[in-house]
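Now for the letters of each chain:
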Amino acid sequence: MKSHYLSCLGRELHVTTWGDPAAPTVVAWHGLARSGRDFDDFAAALSARWHVVCPDTLGRGLSQWAVNPALEYCLSFYVEQAEALLDQLGLDKVHWVGTSMGGAIGTLAAATRLRGRIKRLVLNDNGPELAAPALARIQTYAGQPPAFATVTELERYFREIYASFGALTDAQWRHLTETSLRRLPDGRVTPHYDPALALQFQHHPDDYALWHAWDQLDLPVLCLRGEDSTLLTPETAQAMRERGPRAAVATIAGCGHAPALNTPDQIGLVERFLAAAEVTPGG
């Protein structure tokens, strides 16, 4: 793993990269209140064959926080930064694997600024229509992150709110915690993101309504739906099969929102889908 800091639209983004830069590139983009380090297991597994790029979205992880949160914490700005990021890294064609918000960024990017540059799109428990009650729950915890005296207490909190990620080992929970925290001036620890990112839901209330973008897509799409997901409903997943790019949809047992992409089965499913492009003429 290598760590990079790049200026994108005047804001510094942190990016980790894995594998040979000359290999085909997979961009792995994380969910709303997470960071690129969520993909460490996934990227390590792919790195023998792929160049994997894992950004921290603006306001998350080690990336700079927004200067104007009301304008910058939205999908359109994230897509512009993604374009700037690929340009700086000299990446003309990439595959995109997006968890939750990262999938929405990929969908909008593939329909607009990165049209033709994204070859294959993997949506990890994300679609062009998301269930309102689940969105409201995410907004509530994302906008008011708690603080704890100890890392142990923060890990306990993460285990509770992210139980739907599926089976994580004790070591994986510890890794998730240690790559997801920052220490406040009073010494307490809190999740490693800007609470103002939740302003997206106030100032851009229709950001995740993306059927208009979905119906413009003309690339292969794989959707992974957590079997118990409350965010991506079975009805929406079925509609994704029937319109726009007519996605392939795979149900991931033992998960809700969103599968952690940390098991051989989940990683293998994604890699087989991506690898098909490398053996397809013109792919």
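Residues numbered from 1 in each chain as written. Predicted model: local features only at pLDDT ≥ 70, side-chain atom pairs only at ≥ 80, totals over all residues. Heavy atoms only, no water.

S.K.: Any chance you could explain unusual backbone geometry here in plain terms?
M.R.: Backbone phi values are negative for most residues with the exception of glycine, while trans is the configuration of most peptide bonds. The omega torsion of the bond from His257 to Ala258 falls at 0 degrees, within 30 degrees of zero and hence cis. Mapped onto the fold, Ala258 is located in the loop between β10 (248–252) and α11 (264–278). Although it is not a glycine, Arg246 sits at a positive phi angle of roughly 55 degrees. Inspection of the secondary structure assignment puts Arg246 in the loop between α10 (234–242) and β10. A positive phi is found at Leu261, a non-glycine position, where the angle reads about 55 degrees. (Helix = DSSP H or I, 4+ residues; strand = E, 2+ residues; numbered from the N terminus.)

S.K.: Would you explain the pattern of salt bridges in this entry?
M.R.: Pairs may arise between side chains of opposite charge once their charged atoms sit close together. Going through the model one piece at a time under the given rule, you end up with 11 salt bridges. A salt bridge links Glu83 to Arg113; its shortest N-O distance comes to 2.6 Å. Taken together, the residues Glu83 in helix α3 (residues 75–89) and Arg113 in the loop between α4 (101–111) and β6 (118–124) connect sequence positions 30 residues apart. Residue classification places Glu83 among the buried residues on the basis of a relative accessible area of 18%. The partner of Asp186 in a salt bridge is Arg188, and the shortest N-O contact between them spans 2.8 Å. Take Arg188: its relative accessible area is 37%, and that puts it in the partly exposed class. It is possible to trace a salt-bridge network through shared partners that takes in Glu155, Arg159, Asp170 and Arg174. (Salt bridge = Lys/Arg side-chain N within 4 Å of Asp/Glu carboxyl O. Buried < 20%, exposed > 50% of the residue type's maximum accessible area, 1.4 Å probe, protein only.)

S.K.: Even after reading the chapter, I still don't get the UniProt feature "domain: AB hydrolase-1" (unreviewed entry) in the protein, so can you show me in this structure?
M.R.: As recorded in UniProt, the sites labelled "domain: AB hydrolase-1" (unreviewed entry) are residues 24–259. For the annotated span residues 24–259, helix accounts for 37% and strand for 17% of the residues, and the straight-line distance between the end C-alpha atoms is 24 Å. (UniProt positions renumbered as here; feature names shortened; annotations may be inferred.)

S.K.: Can you help me understand empty space enclosed by the protein in this one?
M.R.: In this approach the atoms are scanned with a rolling probe the size of a water molecule, which exposes any empty space left behind. Throughout the structure, instances matching the rule amount to 2 cavities of 30 Å³ or more. Its boundaries defined by the atoms lining it, the largest cavity holds a volume of some 490 Å³. Taken together, 38 residues make up the lining of the largest cavity; nearest its centre are Arg34, Asp38, Thr99, Phe165 and Ala258. Of all the secondary-structure elements, those providing two or more residues to the lining of the largest cavity are α1 (40–46), α5 (132–143) and α7 (170–178). It is α5 that provides the largest number of residues to the lining of the largest cavity, a total of 4 residues. The residue inventory of the lining of the largest cavity, partitioned by class, reads 20 nonpolar, 12 polar and 6 charged. Lining the second largest cavity we find Ala33, Arg34, Ser35, Gly61, Thr179, Ser180, His192 and Tyr193. Its residues placed into classes, the lining of the second largest cavity shows 2 nonpolar, 5 polar and 1 charged. (1 Å grid on protein atoms, 1.4 Å probe; cavity = no way out; pocket = protein on both sides within 12 Å on 5 of 7 lines; lining within 4 Å. Points joined across faces, edges and corners; volume = space filled by probe spheres on them. Nonpolar A, V, L, I, M, F, W, Y, C, P; charged D, E, K, R; others polar.)

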